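Structural overview for review
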Amino acid sequence: MTSNGNGSKERDSLASTETAQPRQAPLPESIGPYKILERIGEGGMGIVYLAEQSKPLRRRVALKVIKPGMDSKTIIARFEAERQALALMDHRSVARVFDAGTTDQGRPYFAMEHVPGVPITEHCDRQKLNIEERLNLFMEVCEGVQHAHQKGIIHRDIKPSNILVAIKDGKSQPKVIDFGVAKAMDHRLTERTIFTEQGQIIGTPSYMSPEQAEMTAQDVDTRTDIYSLGVLLYELLTGTLPFDPKSLLHAAFDEIRRIIREDQPRKPSTKLSDMSGDHDTDSTTAARNRHTSPEVLTRRLRGDLDWVTMKALEKDRTRRYATATDLAADIRRHLKNEPVVASPPSTAYRVKKFVRRNRGIVAAICVIALVLLAATGVSIRFALSEAEQRRIADQRADELKTVTEFQQSMLSDIDAEAMGKGIVAAQHESIRERMEGEGADAAQVEAALASFDGLLARVNSTNLALNVVDEYVLARAVETIDKEFADQPVTRAAMQQTVATTYLDIGLYDASMPLQEACLRTRRRELGDEHPSTLNSINKMGALLQLMGKYAEAEAYFREALRGRRRVLGDDHPSTLGSINNMGFLLESMGKYAEAEPFFRKALEGFRRVLGDDHPSTLNSIHNMGFLLKSMGKYAEPMPYYREALRGRRRVLGDDHPNTLISIDNMGALLKSMGKYAEAMPYYREALRGRRRVLGDDHPNTLISINNLGALLHAMGKNEEAEPIFREALEGFRRVLGDDHPHTLIAIGNMSKLLVEIGKSTEGERLAREATDRGRAALGETHWFLGNFLGKHGLALTSLGRYSEAEKALLEGHGILVAQLGDEHEQTLRVVGYIVTLYDAWHAAEPGKGYDAKAAEWRAKLPKTD
């Protein structure tokens, strides 16, 4: 029995059939070592019982036995093929085979995992899952099918009744079952040969691929399952099937095949729209089961989900997704608001997805576009004035260059989203305040406002969005700068600084570096080392190098910027205070906490006095002070700073500002360090959601949030949940920052410790050794990170029984941590615990050699617990 178009199906656990069954025979008491409890299903060739196994362990199984009278060579061959297919697989989304044998009458059977679930479509409707939840469940099914394909098995009968879903620990878990018509791709599943009889359709017509309908076995490959997955996706989204099952049921044999091979199904959104227009209750039911209205559901499917589904349902299999993984990946892109592979190559479409995924980045890029357009508009005027003034006096030219920089600086503060909403008056006020604060006269301010208004009048907002969000916009911006400002080096440097800073803000550090170098080089040459603009670029270079993990190089630039700003601007200038704060932040990153503290305290005192408590720079400084205290292990002291910074940032900057998200994430980190895991979780999850939405999945700060969430789950003992999250973070850091960046090294160390704890010590030791070797080369011999990595390497070596090597690593790591952090720091004590673990294990392996005494000696260094 197949779907009737509204999600209703039969309740067989393992198989379904479209023909009436004869009266059931009485239940056998037992089959082999299994006690029969009840009949739970019946398919074309087998009967399925719920049975109980008592030895060697007690469990319930689904026992599938070949039907009496179905003992032809072909049927037995298929039955054995299913048994062999399932035996090859080991995946959470595929039902497992436990045992196989024959009954007293010589009929084959096998015992498999009992899945106490319902068909996937029925489960989704019962639970009223929304579209996102259905898609997430479907992606798990794709993973199971991909696993089968990797084992060389094509299912050939994917449909809802062969995908059962049960709720385990509050989570829906799908299981792919019934490989009764599976086909081996690369090897024979049984010594018997399976022949497809002429005129017999293998599979269920409503879910059958066109090549299956051809009935040429040699022409079926894994993409036939992709088609069936497409039908299943169609049904999960719309509550109906691509082709009317009643028409297929009553059609002649050749007509069924023709429909499957030739008729083009309507897109899911079109099908729903047509159903709604006909006042069909199926449309209303489908929408209600997805917590929405028919109209909203139709709009939700239009676009990505139409394209993805129809690509899976392509008649030409070469145009389908190549693998189930590819299909799942496209759905994942849709859920992340990334362009899907199935979409037409439309620029407008790519723009829309980019804007939804990266609202903050779009605002920054819009700023670049405004800067370039505005500068192009005014550069002719300024260029002419500059040329004229060069003939009159060099100092007049310098003044005009400064005005150009005022214009650039003004535009860099424009809130693109607010501008898009038409809040032009607020932008005027911001422009006027900035320029007057920098010493511009009234005429210069009015000229800048007129230029801004002219820009808004000239630029159509839609075209602007389409142009600035193109994937190549930044590269084109750089080309424009070099071309348009070739003879205006100071203006060109200002433009380069804007783009370099934007690259830095969105996490593209390697792209930022050449622009930052070029800008600094020009400003040193044209303006001198102590010009405020030059000092700004020197400071930016330090910030970029720090973010790249090049701390020693960053320190030289930060110190130069600080010296110059003190000399030129004075100790209380906000830029000088910013340099003082930056020095503290760098020293903290280097593990030099004692040196960092006076910088942080002086910056905070200055910002409060000069700018007030609610200025963003003051809030940054408040947060940094708390961060330093937390890094020093003084967990009771940071909380007031963290709370003040978070409250202020939410109020002043908003919940989605990157700095607010930093506060949210670090509040979670502080609570985790205090052992308040339940309180930390909401902060970590809020920060991760915000960063994915605002910064995108590959921004370094987003990857930090992913890693932090994994660390919290690990601390809570939820290792199964933590492992994929740690892997996502590590893969992202390797891809975005490279193997030697400190963030990557921390992620490697975290992954190694988790692997050791879950019994994957060989892989854990390899990763811990990598973190240690790379950390030693990248950070030097004294950074406390190296002590941490050595501790994790020693723990991994201990788990492998390599005690001498472990002792060497642990003692070296402990020495580094004591020297850098002290005896009582959390990091130091953690390694002390690893050393105790080593000597306990060593004593157990080699008693009588004094390792018990060493364990006791190190155990005494740990804090006493109640």
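This section reports on the structure supplied with the text.

Conventions adopted
Residues numbered from 1 in each chain as written. Predicted model: local features only at pLDDT ≥ 70, side-chain atom pairs only at ≥ 80, totals over all residues. Heavy atoms only, no water. Core = buried A, V, L, I, M, F, W, Y, C linked by side-chain atoms within 4.5 Å. Buried < 20%, exposed > 50% of the residue type's maximum accessible area, 1.4 Å probe, protein only. Helix = DSSP H or I, 4+ residues; strand = E, 2+ residues; numbered from the N terminus. Contact = heavy atoms within 4.5 Å. Pairing = 2+ DSSP bridges. Expected span 1.5 Å × (residues − 1). Polar contact = N/O pair within 3.5 Å; in protein donor to acceptor, adjacent residues only side chain to side chain. Salt bridge = Lys/Arg side-chain N within 4 Å of Asp/Glu carboxyl O. Axes fitted to C-alpha atoms, helices over the stretch in contact; angles between N-to-C directions. Parallel < 35°, antiparallel > 145°, perpendicular 65-115°, else oblique. Left-handed = near helix turned anticlockwise from the far one by under 90°. Nonpolar A, V, L, I, M, F, W, Y, C, P; charged D, E, K, R; others polar.

A closer look at the nonpolar core
A general trend in soluble globular proteins is that nonpolar side chains are found buried together. In this structure, Leu-628, Leu-709, Met-751, Leu-838 and Tyr-839 are the most contacted members of the largest nonpolar core, which totals 94 residues. Of the residues forming this core, the biggest block, 8 residues, is contributed by helix α37 (residues 826-845). Apart from the residues lying within four places of it in its own chain, the contact partners of Met-751 are Glu-723, Phe-726, Arg-727, Leu-730 and Leu-767. With 39 residues, the next largest nonpolar core counts Ile-120, Cys-142, Val-145 and Ala-312 among its residues.

Things to note about the environment of Ile-36
Among the secondary structure elements, Ile-36 is positioned in strand β2 (residues 34-42). Among the residues examined, Ile-36 registers a relative accessible area of 8% and is labelled buried. For the pair Ile-36 and Glu-52, spaced 16 residues apart in the sequence, the C-alpha separation amounts to 6.6 Å. Ignoring anything within four residues of it in the chain, the contact list for Ile-36 reads Leu-27, Pro-28, Glu-29, Ser-30, Ile-31, Tyr-49, Leu-50, Ala-51 and Leu-63.

A closer look at the sheet that holds strand β5 (residues 97-102)
With antiparallel pairing, 6 strands are arranged side by side in an open sheet as β1-β2-β3-β4-β6-β5. Each end of this open sheet is capped by a strand with a single partner; those strands are β1 (30-31) and β5. Looking at chain direction, β5 and strand β6 (residues 108-113) are connected through 5 bridges and run antiparallel. Within the sheet, the bridge partner assigned to Val-97 lies in β6 and is Met-112.

Quick look at α37
When the terminal C-alpha atoms of α37 are compared, their 29 Å separation across 20 residues agrees well with the 28 Å that a helix rising 1.5 Å per residue should span. Among all positions of α37, only Gln-827, Thr-828, Leu-829, Val-831, Val-832, Tyr-834, Ile-835, Val-836, Leu-838, Tyr-839 and Trp-842 are buried.

What about the side chain of Thr-828?
With respect to the helices and strands, the residue Thr-828 is situated in helix α37. In terms of polar contacts, Thr-828 uses its side chain to reach the backbone carbonyl oxygen of Gly-822, at 2.8 Å. Setting aside residues up to four positions removed in sequence, Thr-828 forms contacts with His-814, Leu-817, Val-818, Leu-821, Gly-822 and Asp-823.

Description of the environment of Glu-588
Within the secondary structure layout, Glu-588 lies in helix α25 (residues 574-589). C-alpha of Glu-588 to C-alpha of Met-632: the two residues are 44 residues apart in sequence and 9.4 Å apart in space. When near neighbours in sequence (up to four residues on either side) are disregarded, Glu-588 contacts Tyr-593, Ala-596, Phe-600, Phe-627, Leu-628 and Ser-631. A polar side-chain atom of Glu-588 sits 2.7 Å from a polar atom in the side chain of Ser-631.

Details of the pattern of salt bridges
Applying the stated rule across the entire model yields 51 salt bridges. Between Arg-300 and Glu-132 there is a salt bridge, with its nearest N and O atoms 2.3 Å apart. Taken as a pair, Arg-300 in helix α10 (residues 294-301) and Glu-132 in helix α3 (residues 131-150) lie far apart in primary sequence, 168 residues in all. Residue classification places Arg-300 among the partly exposed residues on the basis of a relative accessible area of 25%. Arg-727 is paired through a salt bridge with Glu-723; the nearest N and O atoms lie 3.0 Å apart. With a gap of 4 residues between them, Arg-727 and Glu-723 both fall in helix α32 (residues 719-737), about one helical turn apart. Relative accessible area serves as the criterion here: at 27%, Arg-727 is assigned to the partly exposed category.

Some remarks on the sheet that holds strand β10 (residues 171-176)
Taken together, 3 strands build an open sheet; the order of strands is β7-β9-β10 and the sheet is antiparallel. Sheet topology places β7 (118-119) and β10 at the edges, where each strand pairs with a single neighbour. In terms of strand pairing, β7 meets strand β9 (residues 163-168) through 2 bridges, oriented antiparallel. Note on β9: the bridge partner recorded for Val-118 is Val-165.

Some thoughts on the packing of α37 against helix α38 (residues 851-859)
Running from amino to carboxyl end, α37 crosses α38 at an angle of 160°, the nearest separation of the two axes being 8 Å. Taken together, the axes of α37 and α38 are roughly antiparallel relative to one another. α38 is crossed by α37, and the crossing has left-handed handedness. Contacts between α37 and α38 involve Val-832, Ile-835, Val-836, Tyr-839, Asp-840, Trp-842 and His-843 on the former and, on the latter, Tyr-851, Asp-852, Lys-854, Ala-855, Trp-858 and Arg-859. By residue class, the composition of the contact of α37 with α38 is 8 nonpolar, 1 polar and 4 charged.

Don't take any of this as a statement about function, it's just geometry.
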